[in-house]
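Topology and contacts: notes
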Amino acid sequence: MLGRLDDYFRSQETALKLRSYRQEILGSNIANADTPNYKARDINFKAAFDAARAPSAPTLLQTSNPRHLQASQTVDLFAPERLYRNEQQPSIDGNTVDMNTEMKEFTDNAIRYQAAVTFLTRRIESMKSALTGQ
């Protein structure tokens, strides 16, 4: 039963983790807007979300002695690939951060994060009402 509940909320959990991770990257870009030679980074959200949801082979831990404890589950390897953003306007100091693009992406990601939280809240409320029979 708990496995089904976990599966029911897994996609929203994955989306929230990725949105949070992307928000950190975009915030870092904005914070380094005046840093010479800083290269703006981002992730491809769709590719990272699809990769996180795709079934994968379990990653098993290796042991050097047969008496070592074995892993009970797989290891969570949550690390989407960070990509460099294409330069729109070259700057003299080599910085590739475009504040208009970064602020647009930051705001868009924040709105999508809030939408995911709202959607998750509604799913929890519908589950609660189903369990209480109201």
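Anyway, here's the lowdown on the structure attached to this text. Computed from a prediction, not measured in an experiment: that's the story for all the values here. (Residues numbered from 1 in each chain as written. Predicted model: local features only at pLDDT ≥ 70, side-chain atom pairs only at ≥ 80, totals over all residues. Heavy atoms only, no water.)

1. Brief notes about the packing of aromatic side chains
The following threshold applies: Each pair of aromatic rings taken from Phe, Tyr and Trp, with Trp reduced to its six-membered ring, is defined by centres within 6.5 Å and is described as stacked if the planes are under 30 degrees apart, edge-to-face if over 60, and tilted in the remaining cases. Secondary structure counts use DSSP, requiring at least four H or I residues in a row for a helix and at least two E residues in a row for a strand, with both numbered from the N terminus. Exposure is judged per residue with a 1.4 Å probe applied to protein chains only, and the accessible area is read against the type maximum: over 50% gives exposed, under 20% gives buried, and values in between give partly exposed. To sit over a ring, a charge needs its Lys NZ or Arg CZ within 6 Å of the ring centre and within 35 degrees of the ring normal.
Evaluation of the coordinates by the stated rule reveals two aromatic pairs. With a centroid separation of 5.0 Å and an interplanar angle of 75°, the aromatic rings of Tyr 8 and Phe 9 are classed as edge-to-face. Judged by centre distance (5.9 Å) and plane angle (10°), the rings of Phe 45 and Phe 49 are stacked. With Phe 45 and Phe 49 both in helix 2 (residues 45–53), this residue pair falls four residues apart, about one helical turn. Phe 49 carries the same exposure label as Phe 45, and that label is buried. Just above the ring of Phe 45 sits the side chain of Arg 19; from NZ or CZ to the centre is 3.7 Å. Note that Arg 41 overlies the ring of Tyr 84, its terminal NZ or CZ placed 4.2 Å from the centroid.

2. As for helix 2
What counts, and what does not: As used here, the arc belongs to the directions running from the helix axis to the C-beta atoms. Identification of polar contacts relies on pairs of N or O atoms within 3.5 Å, with a donor-acceptor requirement for protein atoms, meaning one able to donate a hydrogen and the other able to accept it, and with residues adjacent in sequence counted only if both atoms are side-chain atoms.
Phe 45, Ala 48 and Phe 49 are the residues of helix 2 that are buried. The buried residues of helix 2 occupy an angular sector of 100° when projected down its axis, which confines them to one face. The outward face of helix 2, more than 90 degrees from its buried face, is lined by the exposed residues Lys 46 and Ala 51. Where helix 2 begins, one side-chain oxygen reaches toward the backbone nitrogen of Lys 46, 3.3 Å away; that side chain belongs to Asn 44.

None of the figures reported here should be taken as evidence of function without further support.
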